[in-house]
Every structure is written in C-alpha cells, then in structure tokens.
Amino acid sequence: MNAITFLKQQHETAKQGFEEIEQASPDERGALWEKLGPELRLHEELEEEHLYGPVAREAAGDSKLAAWPKRHEDEVAEAEELMEQIDGFPAEDPDWLALVKRLKSALEKHIQQEEGDIWPRIERVWDSKHLEQAGKAMDAEVGEAGGQG
C-alpha cells in the first residue's frame, strides 16, 4: 500500500479514536486512551522513519520538504508532552478531557499541514514505487507492534 494512503487511514482512525473518547463516559475514557495513545506514538515513528527522514535526504530542491523533519520533530515533542500529561491524570478528572481536546486540536493542525502541503510535495519527489515500498515497511512495522495503528 502507498505510504501516504496508509498514513491517511491512520489519521482517520486517530480522529475516530478522539471522537470515541470525547463521547465516552468518564469511566470508559481511560481504556480508549490506552488504545489510542500507543497508536499515535507509533504513527509518528512510522512517518519519521519511513517517510520524512528518507524524503528529506532526497528533496534538495524543496527547502520546505527538506526542513520538514525538524518541524515535525518539534510538533511531535509538543504532542508527546501533552500525551505525558494525559497519562499522568486519571481519565475521570475534568482536566484530563481538556488535555485530550488540546492534543486533538494540535494534531488536527498537524494533519492539515501534512495532507494539504507536505504529502503533495512528497508525491512530487517520490514515485509510486518509493511510496509503495515505504507503505509496505510501515505495514510490516505495525504488524510487529501488534496491529496498533
């Protein structure tokens, strides 16, 4: 499967996960987060390892694409900080849901940037063969992680 198609499917899964958490009762939220949190972490690792790092090395003519891994890393660090805060609160705490909503909002902006600007640039740098190879590697890694993603 094409890496971008694979990642878009993961984005949709994450959006659904956030919706489920927001709609769940306070005593159900923790279990939903225990599923979503690791999926989000794995997703970011897949992007970095199989797409952004390799593409940036080949994107000499596109300064925005070449600089994206650093920006992505910074945005992931911010998301990780929020995720650690979420992990540190009981899911029944009203502040917990507020943190989840902040994370969701930050990730929505991140996804919009990826899907609207970065991924179209990648599709101009990498041909379908490259994208298929990266997608297969991502799929294999998700399988090794126990199907998360």
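Computed from a predicted structure; not experimentally measured.

(A) Representation of the overall build of the protein in the model. In terms of regular secondary structure, the protein is built from 5 helices and 0 strands. Of the regular secondary structure in the protein, the N- to C-terminal order runs α-α-α-α-α. Taken against the 2.2 N^0.38 rule, which gives 15 Å for 149 residues, the C-alpha radius of gyration of the protein at 16 Å falls within 12% of a compact globule. Counting only C-alpha atoms and orienting by the principal axes, one finds that the protein spans roughly 50 × 30 × 20 Å. Scored against the burial criterion, the 149 residues of the protein give a buried share of 44%. Counting only contacts in the protein whose residues sit at least 6 apart along the sequence, the fraction spanning at least 24 positions is 74%.

(B) Examining the environment of Ala56 more closely. On the secondary structure map, Ala56 appears in helix H2 (residues 26–58). Linking Ala56 and Trp68, residues 12 residues apart in sequence, is a C-alpha distance of 7.4 Å. Setting aside chain neighbours within four positions, we find Ala56 in contact with Leu65, Ala66 and Pro69.

How each quantity is defined
- Residues numbered from 1 in each chain as written.
- Predicted model: local features only at pLDDT ≥ 70, side-chain atom pairs only at ≥ 80, totals over all residues.
- Heavy atoms only, no water.
- Helix = DSSP H or I, 4+ residues; strand = E, 2+ residues; numbered from the N terminus.
- Rg over C-alpha atoms; globule rule 2.2 N^0.38 Å.
- Buried < 20%, exposed > 50% of the residue type's maximum accessible area, 1.4 Å probe, protein only.
- Contact = heavy atoms within 4.5 Å.

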